[in-house]
Amino acid sequence: MRSTKLLPLLLFLVPLSIEAQVLPCFPCAGVRFEPVQSVPVTAAETLNPPPSPDVQPAPAAQSVPNNPADFASLLAQAKLEKGSPFFVAWEVALDGTADPAAASKGITDAGGTPWLSLIFRTPAPLAQNFERLQGELRAAAAIASSAPANAWFQVVWRPEGTATVFAPVEYAFLVKRAAVALTGARSEARVASDALPAEPTTLEAFYGEEVAAYLEAVALRPADRGALEAAVAAIERLDPGRSVVLDSVPLPAAPGEILSDAARNAVRGIGLTLFRATGVGAQVVSPLALLAREFTGDISYDAGTIPSGAEEAWTFVRGKDFALRVIALAPPGASELTLRFPDPYLRRPLRFPYTFDRVSPPVGDVKGEALEVRLDNPGRVAVLGLERATAAEREGVEEKVNVATERQMPVEEILRRLQAFEDAQDRKLDTYQATNTTHLRFQPAAGTQTVEATLQGPFFVSDTTGSDWAWESLFVNGVRWRSKTIPEIPLVQPEKAAAMPIQITFTRQYRYRLRGSDTVDGREAWVVDFAPAGEGNAGELGKLYQGTVWVDKQIYARLRTRAVQIGLEGEVISNEETLHYTPINPMGLPAEWSPESYILPLRVVAQQILSVVNATTVVERETVLTEVRVNSPDFEAKRAQVAETDVTMVRDTDKGLRYLVKEEGSEERVVKEGFDTNKLFLAGGVFYDDALDFPLPLGGVNYFDFDFRGTGKQVNIFFAGALLTVNAAEPRLFGSRFDLGADAFVLAIPFADNVFRDEEEIFAEEVEQRTGSFGLKLGRPLGHFVKLGLEYDVLFLNYGESDNTGEGFVLPSDNQTHSVELSGTFSRAGYGFSLRGGMSRRSKWDPWGFPGTPDFEEPKEEFSRWGARVSKNWYLPRFQKIGAEVDYVSGSDLDRFSKYQFGFFGSTRVHGYQSNRVRAEEAIATHLSYGFEIGEFLRLDAVGDVAWATDEASGLDNEMLAGVGLAGTFIGPWQTVVNLDFGVPVAGPDDGFVMYLVFLKLFK
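Quantities reported herein were computed from a predicted structural model and do not represent experimental measurements.

The rules behind each value
Residues numbered from 1 in each chain as written. Predicted model: local features only at pLDDT ≥ 70, side-chain atom pairs only at ≥ 80, totals over all residues. Heavy atoms only, no water. Buried < 20%, exposed > 50% of the residue type's maximum accessible area, 1.4 Å probe, protein only. Helix = DSSP H or I, 4+ residues; strand = E, 2+ residues; numbered from the N terminus. Pairing = 2+ DSSP bridges. Right-handed = clockwise from strand over helix to strand, strands pointing away. Core = buried A, V, L, I, M, F, W, Y, C linked by side-chain atoms within 4.5 Å. Contact = heavy atoms within 4.5 Å. Disulfide = S-S within 2.5 Å.

### Quick word on the pairing of strand S6 (residues 217–220)
Then, number 1: Here S6 shows a buried face lined by Ala217 and Ala219 and a second buried face lined by Val218 and Leu220.
Then, number 2: As paired strands, strand S5 (residues 190–196) and S6 are joined by three bridges and run parallel to one another. Within S6, the position partnered with leucine 196 by the bridge is leucine 220.
Then, number 3: A crossover links S5 with its parallel partner S6, the connecting element being helix H7 (residues 200–207), and its sense is right-handed.
Then, number 4: Here S6 runs beside strand S7 (residues 243–250); their pairing, made up of four bridges, is parallel. Residue pairing for S7: leucine 220 is matched across the bridge by leucine 246.
Then, number 5: On the question of chirality, the crossover connecting S6 to the parallel S7 by way of helix H8 (residues 225–238) is right-handed.

Next up, the structure:
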């Protein structure tokens, strides 16, 4: 039966006290200094801690220390181990006048733990006085960096010029900022709150600001027992396991009651009691030193072995050997105290003296199922130590107990450490400069055709002015722009986020979740997901982010951040960014992953999806910083030197990128409010296709405005003689995420429409076709990478005879073809996928052609078409690009004039194939391209297209159609951008070639 006596104890030891995990003692106690003048004391008040029950001689009379610097020498007489949990608290100003480093070191060396109450004086509201707060945070960080490793830091807010009223929201913001600054300066820094009112409602308001991860302890003001118990219960509910401190408790009249008060508070959930004192003498130091010496380490409250016989008693057990430490409060004036412990395995009682009076050793006897300990002259408070019987003495009881568990770090702690690391980085990073190379790759939602613009130039980042970027070089598809200046272009960009993730703000903007662990570039990392904290639609949440941050497990630096912006409106319907971080030294060379290195996002990969006149355009952006210099002494001189030139510059402002221009009549650059939203181009060129009677000349203008007359509407007009296209769009339909647009197309020159049958061209069935169209489009993003579209089109078709049309051939009916189409696109990381399907109906469709024409077996006034496309682009160094695309198209009830074509304007193009010649009911096509630049002068793209076409009327049965082409870009005279596209068929029924040559000249 005796083997079961330890079971309650062993079960109790499994969940060891939370306070013992943070505070190194239980109970813990200390003194708080209130500076006053020193006063003389007697020899009995000086300290000479007695190592035995015998009375020891005391030193001569001296002054009672009333400040930590003087106190260290008195504390040293206690002969505690360095850094013991004898807490010594005092206030430290953050106005630059205080330097507590020497006093803190003295306290630590003497066997104490410094508790620095940092006094912040920044008045409310803190957001409007942020510069002053930053100064105090810098002072706090400097103090932390020079403080001993065991120091605690208490964040005290006494706002200047305001009444002392606790403001939970403001103070919580201060705590977060201060904790991050302190932890950034010293990673092991432990932070405590100011002494808060012992009111559950106040504590709930404070914790409602998500401060739990930023504190190692919560301090409370002295209050009555009921208020303190309610406050401790509230903290346990709001922040389970958090250490609680009772701050500035009046010293009891009897020094021994320091021990009983500390024990009583500990059992009530208060791990540390700080006693307020104007001066501290030996009578105070001795009992506190006893606590620091005997009640440290793995120690917990043991309610199962509390002795009877005392007015009050508290028993604490050590985890390493199950030995007990007991604090017993004797009845006033008692000459003898008998304590009865309900455990017969307790042995060898020892009494710990803490005064200079002689004490008698205790006498212990086992009586039945209990141990009785008798004390003569116990005084008001007695402190005992007891050991447990060995295994041999405790027959049937297992000696060894193992309790092991792996701690999973809470996400809040990871974020605090990350914020602290970045705060420390920000404090040592004043400026850096680099060469910024940004590639902007424009392409449709699905397809391999791209236009790449690369901007390059000096990049300057300062903690005062933000970032400035000079555009010294422009490359169009890898071809260098030869002009001395780069023209200002419309800066289409997403709206600035209302708050960035990981930042400390006054409101709860984000929620975080620890997903797990990962390895990034060989570094072990925590994977933390973040998302807006609010409920409702994106507009209510603001322009926030959702994504993931990878945090290094060793130094808590960012390794990578990936985020998509939500709540976007207007032309930018999606914005995703991935930042890759690299450690460098001040010269920009690779460095170790350590707090001493500079961790910067030297590579950013982003994707934006734009709605440009209802066309979904994907913009892939890659930014690389090279030739980095950190805190260079010539930073300002270099930036001024660049600003003096005529180079185009931009600055990142709180409203996004803005041009930085020279003020009229001055060489100083200022931020240009707004920018031109419209551009006018001169366009010219030629298009040749055997379907035309002669090469089609192109000459005209192109006008584009994405904020037409300040309405937010988009307009694009291209007029080139026989060709006219007009597009208009409203990107924010009634303030929603829907966009609505209209477009019109007119081509006055007729195209010849030919037909192949059984691999022979049937000239007698050739007709000429004129066309025009008008359409309405409605679109809406779905998620971050998908856009859905609904389109209604009217296609106007007019047919006429050509020189080859045979006698007796009946022309098709002129008609209007009404079509409704649904579409969906997905774009991410260079991949594109699209699905589309629609139904069409002709206004009139009489029999046509020769009698028995296979394409007109029955009237096909209605038909359907559908298709899918998947594509991927890979970008290589030196402007190289590989593109791959696969298309599938099909339909029902298709005839000659509604089937798919493979010419220049066809939906499934094969290079070299002419318009309106070869067609199919169903086809699968692949497209491969490889692009490269030659000497920054010429860009060439080699293209290969293969399609497998099926068309019963034409005799095509999965027949291969193939063509190769060459596309090129170069900068012509007068800074014109010249594009060339040339193709020839290499397999299938077509021959000849197709050529397209066009130039663009920017007017304004």
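### Side note on the nonpolar core
Then, number 1: Judged by nonpolar contacts, the single largest core of 90 residues is most densely connected at Phe71, Phe86, Leu118, Phe120 and Phe153.
Then, number 2: Of the residues forming this core, the biggest block, 10 residues, is contributed by helix H6 (residues 168–185).
Then, number 3: Once you skip the residues sitting within four places of it in the chain, phenylalanine 120 turns out to touch Leu94, Leu133, Glu136, Leu137, Ala140, Val155, Val156, Trp157, Arg158, Pro159, Leu174 and Ala178.
Then, number 4: In this structure, Phe459, Ile486, Leu602 and Val628 belong to the second largest nonpolar core, which totals 26 residues.

### Thoughts on the state of the cysteines
Then, number 1: Taken as a whole, this structure holds one disulfide when the rule is applied.
Then, number 2: Disulfide pairing places cysteine 25 opposite cysteine 28 at an S-S distance of 1.7 Å. One quick way to see it: the torsion about the S-S bond of cysteine 25 and cysteine 28 is about 125 degrees, and its sign makes the bridge right-handed.

### Let's talk about the pairing of strand S42 (residues 831–842)
Then, number 1: Across 12 bridges, the pairing between strand S41 (residues 815–828) and S42 is antiparallel. Within the sheet, the bridge partner assigned to serine 823 lies in S42 and is arginine 836.
Then, number 2: Taking the residues that link successive antiparallel strands as the turn, the S41-S42 hairpin has two residues, and the phi of alanine 829 there is positive, at about 55 degrees.
Then, number 3: Bridging between S42 and strand S43 (residues 862–876) involves 11 bridges; their strand directions are antiparallel. In the sheet register, serine 840 faces S43, and the bridge partner there is phenylalanine 863.

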